[in-house]
Each structure stands twice: as structure tokens, then as C-alpha cells.
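A closer look at the structure
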Amino acid sequence: MEYNFRDIEQKWHQRWVAMQTYKVTEDETRKKFYVLNMFPYPSGAGLHVGHPLGYIASDIYARYKRLQGFNVLNPMGYDAYGLPAEQYAIQTGQHPAITTEDNINRYREQLDKIGFSFDWSREVRTCEPGYYHWTQWAFQKMFGSFYCNKCQSAQPIEELIKHFEKEGTADLDVAQSEELSFTAEAWKAMSDVEKQQVLMNYRIAYLGETMVNWCPQLGTVLANDEVVDGVSERGGYPVVQKKMKQWCLRVSAYAQRLLDGLETIDWTESLKETQRNWIGRSEGAEIAFKVKSDGVKSEKSFTIFTTRADTMFGVTFMVLAPESELVKELTTPEQKAAVDEYLAYVKKRTERDRISDRKVTGVFSGSYAINPFTGETNPIWISEYVLAGYGTGAIMAVPAHDSRDYAFAKHFNLPIVPLVEGCDVSEESFDAKEGIVCNSPKAGVTPYIDFSLNGLTIKEAIAATKKYVKEQGLGRVKVNYRLRDAIFSRQRYWGEPFPVYYKDGMPQMIPEECLPLELPEVDKFLPTETGEPPLGNAKKWAWNTKTNNVVDCSAIDHETVFPLELNTMPGFAGSSAYYLRYMDPHNDQALVSDKADEYWQNVDLYVGGSEHATGHLIYSRFWNKFLFDLGISRKEEPFQKLVNQGMIQGRSNFVYRIKDTNTFVSLNLKDQYDVTPLHVDVNIVSGDVLDIEAFKAWRPEYASAEFILEDGKYICGWAVEKMSKSMFNVVNPDMIVEKFGADTLRLYEMFLGPVEQAKPWDTNGIDGSHRFLKKFWNMFWNKEDFAVTDEEPTKEELKALHKLIKKVTEDIEVFSYNTSIPAFMIATNELTSLKCNKRAILEPMVVLIAPFAPHIAEELWEKLGHNTSVCDAQWPKFEEKYLVEDTVKMMVAFNGKTRFGIDFPADADNATIEAAARGHELTPKYLEGKQIVKVIIVPKRMINIVVK
RNA sequence: GCCCAGAUGGUGGAAUUGGUAGACACGAGGGACUUAAAAUCCCUUGGCCAGUGAUGGCCGUACGGGUUCGAUUCCCGUUCCGGGCACCA
């Protein structure tokens, strides 16, 4: 019987739907296992062969776990809000909801062909009100919370208000935008609006006037992870810094927990390292410097942050960030003109300019600071190399031991004082944190300090200085993080609307029971003429606080009807807690019910690309920790194990056109001509041989092309590149399924190499996987008859089977699918040559292959007489006894060189083997005249005889 | 500049974590069946050398050292490729 994959796959796709094979419900009697793929953004281009790679890998794992008796949750959905649909809408007027729906349908069709075990009854789409209800709800909870540093947890804002009423800001240790200080009386005296303004300083979701990455071409702000090398990640447009009022999430409050959590989860080291870099913890000290203006000592002071407190004696100047509030305060009248000119220059420069040309620039403020350790005065400069957003926006410059300070000092001719024994700072600074400190004043020489750092190592000196700073009240020990708060507003249409209206200029949350606040219709998707976001075009976009519903904008009276927020939420909003929603996707009372949450807990295995390392995977961990603090999520980390599937690259093909002609020359002859390589569609190339007729038909200008062939063929060149339309190297999985079947595609994608590794797609090798499935199929058939007998299996057959069980089980556990497929091939070849057609062997084989090739497994399972799905079978148990041999072939080596193998009884102990070796029984001719120094026995493998 | 992960045949990649390097597959070459093609099956396939031959020898896991009876695997140094962070004080 021929292996007719088309009929088989179609039949089982229908059956699975009819039988609801993949529907899961909470079942207290079984252990849960939660497998999750990063849900896709449904782009207009559809799936290419790279997309399903991770889905196949996780599907194999999900099916395997199910066969092991776990209750497996394996859901799928769509990250449906996004820029491409909106840009398409701007160009064509087509509503993004329609484009998105079309794309989703296309994705679904393509996914269904590959035979995944997704429970589609749990599908979520981030753009549906039933889903974004809970995105808005979480945002409101963040608005209503602050972060308590003492208890390391989010708390209701009411607790903070109580604190203010009792003792003002005294004894307050919370996450905040800036440090405020007021008494309980002052708090009570504040107006409502003032109170709200104060509270905004502490909320986890807050409206903040911050420097943002503004992308004029996209007309929106971008988060830090959406900006790469000073241009937007999408589209590559320039990004400038701009001060704007935006919604922000206080992700920075969770920096330490985000860092600590990494120790508890099973992710790759490189991904954890990426997140550690992004969080960027650094331990240092904040030290206050008093200001001396025009030589007159003033009461003004400012604080700097340093990780090198030991270098206090090497400070020769101070530097402020141009955006710092201190600039205005510390600029003297004489310097004002020069400073203003400099600030204007800095303002002109984009993020990109700063990165690409690192000129040394700066201006003197006119003021001086007093070093609290020495009493010396140092000039205060202003320079763009100091960043406003990190530390305090001000530094003490130690040119001898910091390369940036060094460059600045050289450029402006400022003094350089080395502090480390034997270091040479004539050409460059000495930045290393190792060596012995020198040049610090002896104890008692200055009136300011009573100890010397000389002779200490740098590490000791840092510790000693910090201790002193703390004791003397000169400053405090401080940990800083590079991680910034996430900017949460986007000036876009196609995203979640904020459930917020404005009263007296202050944001108010619409009542929780009125959620979801649905995205309004607009007549155009561009910003308004006055530059407001696209929601400004909505006619019906105001909130009536009496009736609690959305009303027409013309009704705004600022008494009962108020304007609604015009920004929408960014892409990461919807993807931050979707794994919780899958647990209970249709619940309209809660994000997830207690019962479902208690059962499914968290994701056991998460599969997706590493490009989300500093975006989604940080935001999602933050979001989950917040929900954890609220008692919604059971586990502090949402994704226990994470596997990053490698990108599948394209394998592009090239033809070589002789310049100024329409003649194409084959690869190995091209060096004889002056040629231009051109991309050619890989779908008309097979094994690097060009289909000439298809090529002529491909483009009208090639219809009359001429060819210079080798051996009668046109051989194309090739290169590995990103898979993309413009390179003509996109391979569509539908085509592969059509030609070879889904099982072959699944097997081949896994066989290509380790899941985690990036690798080029090469359709050529797929024959091998297809041939294997045919061989596997043929084991069950004798010509046209299904021929499986109930005979007792032989020892040899059982050995082949159990070797396979062992290998496949071990491989799946560690995601090494690419090595278990050869094991299947070897076992199939062995059993075929043994002419084995016994049920006791073949039935477990079907179960073993079911995760990899579910369609063929179902068909054979049914033919074997079962009336349930193979998904409900039991994973075969491996038994060691079938692999135990009577004899063991031991390799005999002399001084490490292997000579030959010799059989020993399997139960021979080491002493017997060694005696045989020493007794010259094994190898007389090699041992003649030589002295045995030692005999090393590697169990069941080798006897190594060391001779002299 | 700092951090992380890599480098194995013509190609994708194996190697039980220190024990016969190159499994398995593709590609290539040869053969069988066939009028022919497709399909299928069999043999060869890291390099060099010796032999009619079975076979034997030497070299070989980016490069140079080291530890070990034995190193693709562990350690030190170098080169190259990929990824992350980057005026972060």
C-alpha cells in the first residue's frame, strides 16, 4: 500500500476537529503541563518555513508530555495590534480590523495544515474587547498602586495616602520619580489637584513629563528596546529626544526582583546575560558637593553618582548633563551666553548623531564645586557625554581613571592626577579596577579627612571611602540601574485605548465595571490637523460621568462630560499577560479564575525567538510580578523554562548576467566574464540547477534571455541571507506540505539541526525525511495488505525497539530532536532488514513517532485496531534488560592507541579483565619485551594497557 | 571597549560530556531493475601514502601550547564569525 500522505493528513485534520482531540480542561486527577509559543503577529506575508520551527518543537514536546500522562495546555492566539496593519490602513483606508482578520484567517489555514495539537477553543486575540478588557484592567491596577521598597511589593495607593496623612514623607522608602519632602500638615493643606499631582510621583502607571524617543516619520514615541542604533527598529527612521507628557510604567521599581528572578528560572545563560546587561545594576555612592560661585561659598550643593568612590582625590573637574535642572542654577551671568549657545547645539543633535560622532564638546558653567575630602575647588562643566537620565545627571570627573573624563580633560586642558601606583596616564587613562592606591593625602594633612587610602587595593579603597562617606553624612551608598521606566503611550490608532478621561487636566480612571473601553471608529487613521493622535479624529470619544458611557465629543462640558485619552497602548501591553488569559480565556468576570490559575500556575515551557530578550520578556516578567504582588498570579516568574528557537535563514540563489547584455553565465564559468549577480526566485531552482523555462517566464525582461551552460545545465550560486521577499528566497510551508506532506515537513524542520541554532533552509535535503516515512509505513504492509502479526518478538527486535525508546525519550527531554530522527531511521532500517512485522514491536514504534509525525501515527494506530486517538496512548517504557548483552566488546588500547576489540562475558568484573590483560592472554605479540605500567579499564568500553 | 555563545568532510550536522571522530541525511560518483524516465534498491565517499587485493600506515575537529595512558571535549594564549550592552560615571 502506498503512503498516501494527502488522504491521511486530510482525514485526520477532520477527525481531530470532530473528536475535539486537543481540547483540554482542568483535571485535578492529572498533573498539568503548560507549553506555550510566543504568539505571532499576523503579518500580510503569511507564514514562511521559518515560522513553524518553534511551534513544531513545542508541539512535539506537548504531545510527548500528553503521552506520558500529563494534562497538557498548548494554546495559540494572535498578537493582533500592530503597526503594519495601521500603515496599510493609512495607505488604503482599509480598516486595520479587517486586514488583521484576513491575515489571521490565512495564518490559521497555514497552521492547520501542519497538524499542531493546539486547543483552538482557547484562542485569544489582543485586539478583541473581551481580551483587552484585562489589559486595561491591569493598567488601572498599576495606576492605583505604588511600589514599597521596604516590603518589596506593589501596594494600594490608599496605603501611601494614609502614610502622608500621618507623617508626610518622613520615613518613606518607596519607588518614585523624584524625591519629594513634605509634612503631614502640608499634605492635608493641598488641594485635590495638588494631591493628585503628588501621587503621580509614586504610581506604578504614571503620567510623566519625560525625555522620550520621538520618531517623526512614524509620528509616535518608541520604547528603548524599539530603538536600535538611534533609528526605529521598524522602518529604520531617525529618532530624536523630546520632552513629552506620556504614560509610563515604573518597571525600574522591579529592577532588583527582575535581576534576582533570573537565578530561579531555566533560561539560556546568554539570554539571562542580555537581561542582566539591560537591567544594568551598578553599586556605587552618591556624594554631595557644595558649590562655590564666583569664589563666594554658597549654601547650594548637588549630588553626583560614582562607582569609584576611591578616586575622590583625583577629581579635577565636575560635569553636568546639558538637560540637568542644575545647569540653570549653576550657570554664572558671565557664562550664560556661552552656555545657551552650547545648549542650543546639543538640542539640535539626534540620538543618532551622538552615537555616530563622539566629539568632545562642552562649556564651562562659571561655577566651582568643593571637594568634600580635600576642600579643593573644581570647575563645573556642562557636556553631552553626561546623561541626564542616569544617576543624578552630574558626575565628578577623574580623568586619570576614566577614559571619557580623560578625553575631556585633554581637549580642554584640565589637570590629570593619577592615583594608582605605577600607572602611566600620559597617553591614556587607567580604567582598570586593580592596583594599589597612591597619591592620596596622608592622614591629618587636610582638615577634612583623618585617614589615608595609600597602600590599599582599589577594592579596599572603594569600601573604605563608602564607609566614610556614610559615617560623615557626605552622601549615601546607592545602587543604580540602567533599566528605565517603560513609556506606555503611543500616538497610534491600532492599539488598546486607555480607560482614562481628563478632569481639570488630571487623568481619571473610568470605573472598573465599565471596562472594556472599546476602541472608537475614526474616519482617518492619521494624526489630526492639530497634531493630536489619530483618536483625536473620533467623533464619539468623551466620557459622561453621570451615565458612565462614551458619548459624542461635542457634548464635552468639563462638568459631567470629559475628554478621553487620545493615546493608545504599545505593542507589549497585550502580550504581557496573555499566558494567564489562555488559562481561562472566556471569563468575563476576571482575568483568570482562581481555580484555573491555581491549576495551571505558570508556563512550564516557553518557546520563541531571542529577539524579544529586552522587550516582551522583560515587560512580561514585570507585569507578572505586579500581578503576583496583587495575588492574581501564583508564581513570581511566568516562564519557568525558555527555549529560543534559532532563526531559519534563507538560502538565496543567484544568476550571473554579463554586463550590458541579457546573457546569463553558469556559476563556474562566471569568472571569465564581467558579470552582475542577481537574486533569482529559489522556487524555480532545484539543487542549484536553474529551471530555464521557468526563469524565462518569471519576468518579461528575461523571456529572451540567453544562457551559457556547463554540462548542459545552468548552475546557480548561493548565499545564506535573511529570509525575505526581496531576496526571493522565501519558501512557503504550504508548498512543502502539498508536495511531501506535513509529517515530512515536521520531521525535516527538526532534522535540520538543533532547535536553538540559526540555520539556513535548504529544501534539497527533504527527500531523505520523506523516504524515511515511506520506509516506516512499509514496515506495516505486505504489498496491499496490512500485515502485522501477533508473533513473539525476538531478542534482536526488542533490542532495536528499546534502544530507540531510550534514545527518543532522552532526546525529547533535552530538545535534541535532530538526533532522535536518525535513531528512528536506524531502528526502521534494522527492523526492515529483520523483516519484523510484529505488533509487540510496531505498536510502540507508532507511539514513539506520534509526537513527530502525528498523521501517519494516527492512521497506523487505527489500522492496528484502536478506536481512540494515538494521543491517548501510553508512552512506551524503556527496559534496560533488553539492551543487556551476553558479551561486551572491549577495545584494547596500548598507550592510548586502539588496536582491536575483544569479547568478554558481560558480567566479568574489572579484576578478571585486568588479570587477563596483565597475564598477556590478550595480546602477546604487542606485549613482548615490554613492561606493563598500568591497566586502565573504562567500564564496558576499553582496556587501556600502558606499557614502557 | 565590556559581557555571552561558537568554529568538526563538498553541505546540514552526530559523538553516550575525557574513551574507536565524522552517526544520520543531503550532494557527488559507480552499479542493479527499466525501451526510457520517474520511483526503488545496492556499493563508494575526510585527506595523503603503500598494496592486484583483503588490508596496512601517516595526518586530521580554526591556530599555538599545556594537563592526561588517552583531548572535538578540560586549562592557557591567538585568530575568525555570531549575539548582547555601550559616553551608564
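Fair warning: this is a prediction, and the values are worked out from it, not measured in the lab.

So, on to the overall build of chain A. Scanning chain A from terminus to terminus reveals 29 helices and 38 strands. Projected onto its principal axes, the C-alpha coordinates of chain A cover approximately 100 × 90 × 75 Å. Within chain A, the fraction of its 948 residues that count as buried is 52%. About 43,000 Å² of surface is accessible on chain A, with carbon and sulfur atoms providing 50% of the total. A distance of 3 Å separates the average location of the 108 positive side-chain charges in chain A from that of its 133 negative side-chain charges.

Below, the discussion takes up the side chain of Q246. Topologically, Q246 is positioned in strand 9 (residues 240–249). Looking at Q246, the relative accessible area reads 1%, which means it is buried.

Attention now goes to the confidence of the model for chain A. Low pLDDT means the predicted coordinates in that region are not meant to be read closely. Confidence in the prediction for chain A averages 90 pLDDT; 98% of positions are at 70 or higher. Prediction confidence for the complex, expressed as pTM and ipTM, is 0.93 and 0.94 respectively.

This paragraph deals with helix 6 (residues 157–167). What helix 6 keeps buried is the set I157, L160, H163 and F164. One side of helix 6 carries all its buried residues, which in axial view fall inside an arc of 110°. For helix 6, the elements touching its buried residues are strand 3 (145–148), strand 4 (153–156), helix 7 (184–189) and helix 8 (192–200).

Here we come to the protein's contact with RNA strand B. The environment of RNA strand B is formed by 47 residues, the closest being R404, R482, R771, R941 and N944. When the atoms of RNA strand B within 4 Å of the protein are grouped by moiety, sugar and phosphate amount to 56% of the total. Contact between RNA strand B and E273: a sugar or linking oxygen at 2.8 Å from a side-chain N or O atom of the residue. Secondary structure elements with two or more residues in the surface near RNA strand B: helix 10 (269–279), strand 11 (296–306), helix 23 (766–778), helix 25 (817–833), strand 37 (932–938) and strand 38 (942–947).

Here we take up empty space enclosed by the protein. In total, this model carries two cavities of 30 Å³ or more according to the counting rule given. By volume, the largest cavity amounts to about 70 Å³. Put simply, the parts of the chain that give the lining of the largest cavity at least two residues each are helix 5 (129–143) and helix 16 (571–575). Of the residues forming the lining of the largest cavity, the biggest block, three residues, is contributed by helix 5.

Core analysis: the largest hydrophobic core is formed by 190 residues, its most contacted members being L249, F488, F780 and Y817. No other element matches the nine residues that helix 2 (residues 52–67) contributes to this core. Of all hydrophobic cores here, the second largest spans 40 residues; its members include V291, M396, V425 and I458.

We now examine helix 12 (residues 336–348). With 13 residues, helix 12 ought to run about 18 Å at 1.5 Å a step, and its terminal C-alpha atoms sit 19 Å apart, in line with that. If you check which residues of helix 12 are buried, you get V339, Y342 and V346. Across the axial projection of helix 12, the buried residues extend over an arc of 65°, all falling on one side. Among the exposed residues of helix 12, those oriented more than 90 degrees off its buried face are A337, E341, K347 and K348.

Moving on to the packing of helix 21 (residues 733–740) against helix 22 (residues 742–751). Packed helices, taken two at a time, are described by the angle between their axes plus the distance between the axes. It is the contact of helix 21 with helix 22, at a shortest axis distance of 7 Å, that shows an interaxial angle of 120°. When the axis of helix 21 is compared with that of helix 22, the two are oblique. Listed contacts from helix 22 to P733, I736, V737 and F740 of helix 21 are A742, T744 and L745. Broken down by class, the residue content of the contact of helix 21 with helix 22 amounts to six nonpolar, one polar and no charged.

Here the focus is the packing of aromatic side chains. Evaluation of the coordinates by the stated rule reveals 70 aromatic pairs. Arranged with centres 5.6 Å apart and planes meeting at 55°, the rings of F488 and F572 form a pair that is tilted. With F488 in the loop between strand 17 (486–487) and strand 18 (500–503) and F572 in helix 16, this pair connects stretches of sequence that are 84 residues apart. Exposure class is identical for F488 and F572. Each is buried. Over the aromatic face of W120 sits the side chain of R108, whose NZ or CZ is 3.9 Å from the ring centroid.

Pairing is antiparallel in the open sheet, where three strands are placed in the order 21-20-22. In this open sheet, the two edge strands, each paired with only one partner strand, are strand 21 (549–551) and strand 22 (561–563). Each strand of the sheet is rotated relative to its neighbour by a mean of 40°, with strand direction disregarded.

So, about the environment of V933. Relative to the helices and strands, V933 resides in strand 37. Put simply, V933 and I618 are 315 residues apart on the chain and 59 Å apart in space, counted from C-alpha to C-alpha.

Two elements in contact, helix 4 (residues 96–114) and helix 21, have axes separated by 10 Å at closest approach and are oriented at 35°. Two packed elements cross with a definite hand, and for helix 4 against helix 21 that hand is left-handed. Touching Q110, K113 and I114 of helix 4 are P733, D734 and V737, all from helix 21. Grouping the amino acids of the contact of helix 4 with helix 21 by side-chain chemistry returns three nonpolar, one polar and two charged.

Moving on: unusual backbone geometry. The omega torsion of the bond from L515 to P516 falls at 0°, within 30 degrees of zero and hence cis. The backbone phi angle of F815 is positive, close to 65°, even though this residue is not glycine. Structurally, F815 can be placed in the loop between helix 24 (795–813) and helix 25. A positive phi is found at K835, a non-glycine position, where the angle reads about 55°.

Rules behind the numbers
Residues numbered from 1 in each chain as written. Chains lettered and ligands numbered in written order. Predicted model: local features only at pLDDT ≥ 70, side-chain atom pairs only at ≥ 80, totals over all residues. Heavy atoms only, no water. Helix = DSSP H or I, 4+ residues; strand = E, 2+ residues; numbered from the N terminus. Buried < 20%, exposed > 50% of the residue type's maximum accessible area, 1.4 Å probe, protein only. Areas by Shrake-Rupley, 256 points an atom, 1.4 Å probe, with all protein chains shown as cover. Lys, Arg positive; Asp, Glu negative; His and termini not counted. Charge placed at Lys NZ, Arg CZ, Asp CG, Glu CD. pLDDT = per-residue confidence, 0-100. Arc of directions from axis to C-beta. Contact = heavy atoms within 4.5 Å. Near = heavy atom within 4 Å. Polar contact = N/O pair within 3.5 Å; in protein donor to acceptor, adjacent residues only side chain to side chain. 1 Å grid on protein atoms, 1.4 Å probe; cavity = no way out; pocket = protein on both sides within 12 Å on 5 of 7 lines; lining within 4 Å. Points joined across faces, edges and corners; volume = space filled by probe spheres on them. Core = buried A, V, L, I, M, F, W, Y, C linked by side-chain atoms within 4.5 Å. Expected span 1.5 Å × (residues − 1). Axes fitted to C-alpha atoms, helices over the stretch in contact; angles between N-to-C directions. Parallel < 35°, antiparallel > 145°, perpendicular 65-115°, else oblique. Nonpolar A, V, L, I, M, F, W, Y, C, P; charged D, E, K, R; others polar. Phe/Tyr/Trp six-rings, centres within 6.5 Å; stacked < 30°, edge-to-face > 60°. Lys NZ or Arg CZ within 6 Å of the ring centre and 35° of its normal. Pairing = 2+ DSSP bridges. Left-handed = near helix turned anticlockwise from the far one by under 90°.

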